[in-house]
Amino acid sequence: FPAAHDDALAALRHVARHGREWGIDGAKLAVGGDSAGANLAVASCLCLDPAERGAVKLQLLYYGAFGLSDSASMRAYGNELDGLTRADMARYRSQLTRSTADLEDPRLDNLSADLRGLPPAFIAAAELDPLLDDSRALSELMGEAGVANKLVIYPGVLHGFVHYSRVLDRAMQALDEGAAELKRAFA
């Protein structure tokens, strides 16, 4: 499977075990990312042993690709004007897989995984994003699995919107709300 997933898991485990060397409490961590990075964050938590998961206090997941191959949001958005096209998605999937069998791996298709026991999550979604339904589905499945999560859908923004925090108020709002959730998780 892709080295990126293995590298993310190895980095998380390394920080948990050796964080004190850098002044980091290895028992009080968070993981996060946007788009494919959100997928890597969930995949890393899925691969942790149950005892290791306790160190992760929060998953910060911004408009992630969690495993849907088709959805209403993908059909409504995903053109050249929306920040993430179908061609982009196909290219990213091809970079993350060796064969079509990898598409069913829970590290890539987080929605097919057993989500029980995962750390709590803050899920930030963009309203005008082909991946909006991925975030909705993850939130619903986490809830069914007993995983505390908060889904916030930011109106009027496209995929990748948090990268425009200097010019887009919604991006700052999403980052601020994620930071507030992190602060609560670490309290």
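Residues numbered from 1 in each chain as written. Predicted model: local features only at pLDDT ≥ 70, side-chain atom pairs only at ≥ 80, totals over all residues. Heavy atoms only, no water.

**Describing the pattern of salt bridges**
- According to the stated counting rule, one finds 12 salt bridges in the structure shown.
- Two residues, Asp25 and Arg20, come together in a salt bridge whose shortest N-O distance is 4.0 Å.
- Asp25 gets classed as partly exposed once you look at its relative accessible area, which sits at 32%.
- The closest approach of N and O atoms between Glu181 and Arg184, which form a salt bridge, is 2.5 Å. (Salt bridge = Lys/Arg side-chain N within 4 Å of Asp/Glu carboxyl O. Buried < 20%, exposed > 50% of the residue type's maximum accessible area, 1.4 Å probe, protein only.)

**Some words on helix α7 (residues 169–186)**
- Taking 1.5 Å as the rise per residue, α7 with 18 residues should run 26 Å; its terminal C-alpha atoms sit 26 Å apart, in good agreement.
- If you check which residues of α7 are buried, you get Ala171, Ala174, Gly178 and Glu181. Along α7, the residues classed as buried sweep out an arc of 90 degrees about the axis, all on the same side. Exposed residues lying more than 90 degrees from the buried face of α7 are Asp169, Lys183 and Arg184.
- Buried positions along α7 lie against β2 (56–62), β3 (121–128) and β4 (149–158). (Helix = DSSP H or I, 4+ residues; strand = E, 2+ residues; numbered from the N terminus. Expected span 1.5 Å × (residues − 1). Arc of directions from axis to C-beta. Contact = heavy atoms within 4.5 Å.)

**Quick look at the packing of aromatic side chains**
- Scanning the model with the defined rule gives three aromatic pairs in all.
- Relative to Phe161, the ring of Tyr63 lies with its centre 5.7 Å away and its plane at 50 degrees, an arrangement referred to as tilted. Separated by 98 residues along the polypeptide, Tyr63 in the loop between β2 and α4 (72–76) and Phe161 in the loop between β4 and α7 bring together distant segments of the chain.
- Of the residues examined, Phe161 reaches a relative accessible area of 2% and is grouped as buried. (Phe/Tyr/Trp six-rings, centres within 6.5 Å; stacked < 30°, edge-to-face > 60°.)

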